[in-house]
Amino acid sequence: MPEYVDLVSIMPWEMITQLCNLLILTLLVKKFLFKPVQKILAERQAAADAVMSEARAAREKAQTMQAEYEQSMAGARGEAARIVEDATRAAGQRSEELLAEAAASARRMKERAESEIEQERKKALNEVKDEIGGMAMEIASKVVEREIDEKDHQALIDEFIKNVGDAS
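Presented here is an overview of the structure given in this document. Just so you know, these numbers come straight off a predicted model, no measurement behind them.

Next up on the list: the overall build of the chain. For the chain, the helix and strand inventory stands at three helices and zero strands. In the chain, the succession of helices and strands from N to C terminus is α-α-α. Accessible surface, the chain as shown: approximately 15000 Å² in total, 61% of it carbon and sulfur.

What follows deals with a nonpolar patch on the surface. A surface patch of nonpolar side chains, about 370 Å² in accessible area, is lined by Leu-33, Phe-34, Val-37 and Leu-41. Inspection of the secondary structure assignment puts Val-37 in helix 2 (residues 12-144).

Bringing the pattern of salt bridges into the picture now. Going through the model one piece at a time under the given rule, you end up with six salt bridges. Residues Asp-86 and Arg-82 are paired through a salt bridge, measuring 2.7 Å at the closest nitrogen-oxygen approach. Placement of the pair is Asp-86 and Arg-82 together in helix 2, with a separation of four residues, close to one helical turn. By relative accessible area, Asp-86 is classed as partly exposed at 27%. Note that Arg-121 and Glu-118 form a salt bridge whose closest N and O atoms lie 3.0 Å from each other. Placement of both Arg-121 and Glu-118 in helix 2 is noted, with a separation of three residues, approximately one turn of the helix.

Attention now goes to the environment of Lys-129. Assignment of secondary structure puts Lys-129 in helix 2. Taking the C-alpha atoms as reference points, Lys-129 and Phe-160, separated by 31 residues in sequence, lie 8.2 Å from one another.

What counts and how
Residues numbered from 1 in each chain as written. Predicted model: local features only at pLDDT ≥ 70, side-chain atom pairs only at ≥ 80, totals over all residues. Heavy atoms only, no water. Helix = DSSP H or I, 4+ residues; strand = E, 2+ residues; numbered from the N terminus. Areas by Shrake-Rupley, 256 points an atom, 1.4 Å probe, with all protein chains shown as cover. Patch = residues over 30% accessible without salt bridge, like charges linked within 9 Å, V, L, I, M, F, W, Y side chains within 5 Å. Salt bridge = Lys/Arg side-chain N within 4 Å of Asp/Glu carboxyl O. Buried < 20%, exposed > 50% of the residue type's maximum accessible area, 1.4 Å probe, protein only.

In structure tokens, the structure reads:
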């Protein structure tokens with residue numbers, strides 16, 4: 001058993017050496033492993049925060065653009081409705097103008113036709129009066145059997161025409 005006693009015995013210098021080694025190893029690991037790893041983790045965290053910040057900004061920008069788009073679409077719809085209303089109003093006014101022009105044209109044509117009819121009636125009446133006047137002169141000259149001078153002839157025609165005009 002004495003052999004086993006050396007295995008379990010405590011040696012102070014070995015323990016101090018072991019503790020120094022552990023302390024040195026801990027300091028080396030802290031300096032060369034933990035600090036670079038923490039630095040990489042901090043950089044990754046900063047990059048993730050930047051990406052998240054950019055995503056928030058992009059989302060806010062997209063929401064702003066969507067609101068502007070919806071507002072412009074509402075404005076465009078209102079403008080389109082106003083344009084359609086203006087076009088409808090203009091078409092209504094134009095149709096009223098065309099109807100008024102057509103009515104005025106029809107009225108002018110009617111007045112012109114009535115005027116032409118009146119002129120034709122007067123012309124026909126004058127022709128009839130002239131023929132009747134000529135026949136009356138012939139009859140009167142046969143009845144009187146004498147030659148009537150131009151002045152008497154004109155007076156008889158005027159009187160006859162006046163009588164015929166009063167009869168119609």
